[in-house]
Each structure stands twice: as structure tokens, then as C-alpha cells.
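# Structural overview for review
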Amino acid sequence: MKPRVLVVDDDMAIRETVSLALEKSGYVAARARNLTEARAAIRQAPVALVVSDIYMPGGDGLELLHELSRLVPAPPIILMTARGSVETAALAAKTGAFDYIAKPFDLPVLLDRVRAALEAQPFEGSFSRRPGPESMIVGSHPAIVEVYKAVGRVASLRIPVLVFGETGTGKELVALALHRFGAHPDGPFVPVHCGAIPDALLESELFGHRRGAFTDAHRDRIGALAQADGGTAFLDEIGEISPVFQVKLLRFLEDGIVTPLGADGGEKKDVRVVAATHRDLKRMVAEGRFRQDLYFRLAGYEIPIPPLRDRLSDLPLLVEHFQRQAQRELGRPPATPPTVAVLAALEAYPWPGNVRELAHVVRRMLIDAGSVNDVAILRKLLSTPLIGEGPDGRRTDSDGRRDADATLEDVERKHILAVLEAAGGNKTTAARILGIERKTLTRKLRRGEPTTDEGDEEEP
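Model, not experiment: these values are computed from the prediction. (Residues numbered from 1 in each chain as written. Predicted model: local features only at pLDDT ≥ 70, side-chain atom pairs only at ≥ 80, totals over all residues. Heavy atoms only, no water.)

### Looking at unusual backbone geometry
Look at W351: it is not a glycine, yet its phi comes out positive at around 55°. If you trace the backbone, W351 turns up in the loop between α14 (340-348) and α15 (354-369). (Helix = DSSP H or I, 4+ residues; strand = E, 2+ residues; numbered from the N terminus.)

Shown next, in the form of C-alpha cells:
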């Protein structure tokens, strides 16, 4: 008998597209527009699998997951959403959803997950829904959905996690999500920026000290690791710590004992360690600058964070998210969402500062213009040359050249070329995005090139 798959989505186009693809693949597809119809379809005949949207009028996919978990055997469920968040992904993974897929998705990918779900053991368990605040991490691009799913898989495990990605991608937000959906969400979350603390003070910062342990140690101090007992210690920029301190941190990760400076002995603490870095730790290990044994201790599980330039389809969601945040902070009334022209300018920008830079730009737009839709002010804010950080933290241009080797003219030219490429080669459009005259753009592009008598042809 062919497996019966229930497709639940209030969007008729998606519901029919998925159902027809399932039927073409040899399944029987049942259709439902909402939870009421889904319940009726399940009462009518057993289903082997449910593919459901999360956000629907009159009830959501997580509520359906709750109800399905009471059935014996409980059919597996694949959740779909066009508004991905780390909260829904973590709850879905924690409470038994087989998978979580962001829209738009490729039908072959969905069909592969359907086959895998039907081959797997049925889910057996209970569901306890805990509503949370507005999502900390925003986006539905497949790359960021993989981050949501990774958080859901590992949040409840008491193993160290290494989060890596470029500066400004949101590594601390991932660490907070791991803590919030972990085994001890009510415990302390203690962040330590290892790169901002001199090595001589880092041991005291993490392990604490006793009075008289060194000059100016006038009283006992509890370190960050002891403060994080029963919770999470977030060690940001872990790649910056010295080889000497790497040994001390490794010892703690092995035995869990916190020994303050000047103390005769230490105490065992229950601390979940999440570390983060923008550096390539594997390369540092190969070069002898980072201990291999420490790397393996920290990387009990690794979560890479994609740069913003690799998930530009999330820009509308991110802009509206930061817009709401800034409106609350500034006491401003709700504003209109970004226009097509604004989104085009944002997509053409390379975002060396990633999501953090986008949040700054949105806040400045609201302060300077009262909305995110003043294209002239946006162009001014985005006029910074294309400069980012290399794997070792030094400033580089888009081709990886050191800024010490590149002139300002070189950097400006590369930024113009990046915008021109995003504009499909149309110089008029690129000049409008850059906020300069078309003839100025042409002149800047010709700098350093052999002179020619040919005229500059207009695009049709």
C-alpha cells in the first residue's frame, strides 16, 4: 500500500505543488489548509508522514506536532516555513520534528527528506511548548537554517561548542540560543571577550584570584568560569589566547576544576563552554599557533555562521527586524518596510561588517531620515570602501590583498566593480547606487587602464 502523506499549508500554490510532487513520486497525498482540516484528514485515515507549514491562521505547525506526538505510533513531521528562526528550529528539533525546511525549497530536497523520514523510526515522545521572545537570529536562507538546525541538535547536550564565522555575523547570538535551549536555560550566561583582555589579566578574569595573589589584588575575586557554574561560559575570540594560557584552559576543560590565582586548591564547576572565533583554528593548529588537543576539546561540535553576502535573500527580513528593534530603542512609531530601490542598493553592497553593520546602517537611517527608504542617505552610509578582515584578522580587500599593499584608489575601484557586477554591468544603475555621476564612474574605472579613443557607449 502506498504511504499516505498529509500536506498542511494555507498557501494553495505550495500545498498543490508539494502534493503533486509526492503523488508523482508514488505517494498518496492528502491536503489540508489549516489545523482543523489536518485533524479531519488524520481521523479519516492513518497518515505515514505530515509535511506542514509552521505559521498558519488558527494554529501553527508546532501545535500540530504537539497533537501528533500523542498518537501511537506518532507519524514523523517535516516542518516548513518562510519565516525561519532559531527558536522554531530548536523547538522543532527538541520536541520531535524529523526535519525543518525553509521556503522556498527545491522539491527534490523535500522528497529526499520525505523518503528519509519514512525510513526512520517513528517519533515517540511528548511535547511541552514554551513561547519565547522575538527571534534573536533572523533569516530563512538555507545556510542560516542549517545554523538553526545545528542549534536544535546540540543545544541540550553538555558538550563544548565552537562557533566560527566572520566578525559581525552573530556568533554571540548563536551562543545565547545554545544557552536558552540548553539543559540549564535558567542558569547564568557569562560572556568573556578573550581578545580584549591582556594575557596577564585573562587568567584572573576566567579563574578569579585570592586576596594578595598579586599586586593590587586587595580582595578575592570570583572568575567568569565560577560565575557560570550551572550555566554557560561564552569565550569569544578564543583564537587570541596565548600558548601559555591555552594549557591552563585545556586543564579546566579536562577536569572542570576552577583554581583561582593564589588558591591552594580548586572546586569542580558544572560549566557548558561555548567558544567563538573569526580565525581559522585548523590552520593555526597546523602552523603550531594553537594546541591541537585544545582545539579538539573546544570543538565538541562546530557551527559555522555564514557571512551576510552569502545570504542576501534574507535582507528584507533582517532590515525589518532591525527596524523594529531601532524603533523601540529610539521611541519611534512603526515605519514602512524597505522599498525595492533600497533593497537593490543593500544587495549591491558587499557587507564587510556583516549583520552587525546592517543593524548599524538601519539605525542610522532611522535617526537621520526617519525611515529606511531615503536612498540618498543610504548611499552616503554605504560609501565606505570595500574592506574586510582576512582569516588572521588583518584588514584585506575583496581579493585578499593586505590593505598595506593596496592604495585607496585600488580599494575604491574594487568597490565600484563589485557594485557594477551586482547591477548586471549597467553603469547607469551602478552610478545611481553609488550616488555619483555616470561619467565619474566611467572615469574612475578607466584609471590605470591603457588610454583609448573609443567612446563610452550607453546601455540600451
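### Topic: the sheet that holds strand β5 (residues 99-102)
With respect to topology, five strands assemble into an open sheet ordered β2-β1-β3-β4-β5, the strand pairing being parallel. The two strands at the open ends of the sheet, each matched to only one other strand, are β2 (28-32) and β5. Here the average twist between neighbouring strands, direction ignored, is 20°. Bridge analysis of strand β1 (residues 4-8) against strand β3 (residues 49-53) gives four bridges, and the strand direction is parallel. Following the sheet pairing, V5 is matched in β3 by L49. (Pairing = 2+ DSSP bridges. Axes fitted to C-alpha atoms, helices over the stretch in contact; angles between N-to-C directions.)

### Side note on the packing of aromatic side chains
Using the criterion set out here, one finds five aromatic pairs in the structure. Taking the centre distance of 6.2 Å and the plane angle of 20° together, the rings of F189 and F234 count as stacked. Of this pair, F189 sits in strand β7 (residues 189-193) while F234 is found in strand β10 (residues 231-236), placing the two residues 45 residues apart along the sequence. Neither residue differs from the other here; F189 and F234 are each classed as buried. Between the aromatic rings of F207 and F245, the centroid separation amounts to 6.1 Å while the plane-to-plane angle is 65°, which identifies the pairing as edge-to-face. Here F245 lies in helix α10 (residues 243-255) and F207 lies in helix α8 (residues 199-207), a separation of 38 residues in the sequence. In this pair, the class of F207 matches that of F245, namely buried. One aromatic cluster in this structure is built from F207, F245 and F252. (Phe/Tyr/Trp six-rings, centres within 6.5 Å; stacked < 30°, edge-to-face > 60°. Buried < 20%, exposed > 50% of the residue type's maximum accessible area, 1.4 Å probe, protein only.)

### Describing the pairing of strand β13 (residues 271-277)
Burial within β13 is extensive, with seven of its seven residues counted as buried. Side chains V271, V273, A275 and T277 of β13 all project onto a buried face; the interleaved residues R272, V274 and A276 project onto the opposite face, where all are buried too. Looking at chain direction, strand β6 (residues 161-164) and β13 are connected through four bridges and run parallel. Among the inter-strand pairings, V161 is bridged to a residue of β13, identified as V274. Here β10 pairs with β13 via five bridges, running parallel. Pairing of F234 across the sheet is with V274, part of β13.

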